[in-house]
Amino acid sequence: MSKLIKVSVEIGYELHTITLKNDEWKKIKNGERFTKELESYYEGEAFTYIFDFNNKEPNNPNITLVVTYDDADGFIGNVEDAMVNEEE
């Protein structure tokens, strides 16, 4: 059976959650760069949130998760700082 992994970050006062397949999660855990978009709302307005895992930027080599929306940073940290829930 395939696992689904939900990664949630708080942006503003709301949680935004992306669902990953097991093979996508394995890539992330292996340190590979992976991006996925999420269409979601904040205070009634639609946004596209981009979850960018393992983007090794020179200024932040230890950061493993950045979530952006409309050219703004919503979350900058590590996957361990997000809420991760593995479901079967």
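First things first, this report covers the structure right here in the doc. The structure displayed is predicted, hence computed values, not measured ones.

Here's the deal with the pattern of salt bridges
What the rule picks out here adds up to three salt bridges. One salt bridge connects Glu86 with Lys3, and the closest N-O pair in it is separated by 3.4 Å. Taken together, the residues Glu86 in strand S7 (residues 83-87) and Lys3 in the segment before strand S1 (4-11) connect sequence positions 83 residues apart. The salt bridge involving Glu24 is made with Lys36; its shortest N-O contact spans 3.4 Å. Highlighted residues: Glu24 in helix H1 (residues 22-29) and Lys36 in strand S3 (residues 34-42), separated in sequence by 12 residues.

A word on the nonpolar core
Judged by nonpolar contacts, the single largest core of 19 residues is most densely connected at Val7, Val9, Leu20, Phe51, Phe53, Leu65 and Val67. Breaking this core down by element, the ones donating at least two residues are S1, strand S2 (14-21), H1, S3, strand S4 (45-53) and strand S5 (65-69). Every residue in contact with Val67, bar those within four places of it in the chain, is listed here: Val9, Ile11, Tyr49, Ile50, Phe51, Ala72, Asp73, Gly74 and Phe75.

A look at the sheet that holds S5
Across the sheet, four strands lie side by side as S3-S4-S5-S6; this open sheet has antiparallel pairing. The sheet is open, and its two edges are formed by S3 and strand S6 (72-77), each paired on a single side. Neighbour-to-neighbour, the strand axes of the sheet open up by a mean angle of 20 degrees, direction not taken into account. Where S4 meets S5, five bridges bridge the pair, whose relative direction is antiparallel. When the sheet's bridge partners are listed, Tyr49 is paired in S5 with Tyr69.

The rules behind each value
Residues numbered from 1 in each chain as written. Predicted model: local features only at pLDDT ≥ 70, side-chain atom pairs only at ≥ 80, totals over all residues. Heavy atoms only, no water. Salt bridge = Lys/Arg side-chain N within 4 Å of Asp/Glu carboxyl O. Helix = DSSP H or I, 4+ residues; strand = E, 2+ residues; numbered from the N terminus. Core = buried A, V, L, I, M, F, W, Y, C linked by side-chain atoms within 4.5 Å. Buried < 20%, exposed > 50% of the residue type's maximum accessible area, 1.4 Å probe, protein only. Contact = heavy atoms within 4.5 Å. Pairing = 2+ DSSP bridges. Axes fitted to C-alpha atoms, helices over the stretch in contact; angles between N-to-C directions.

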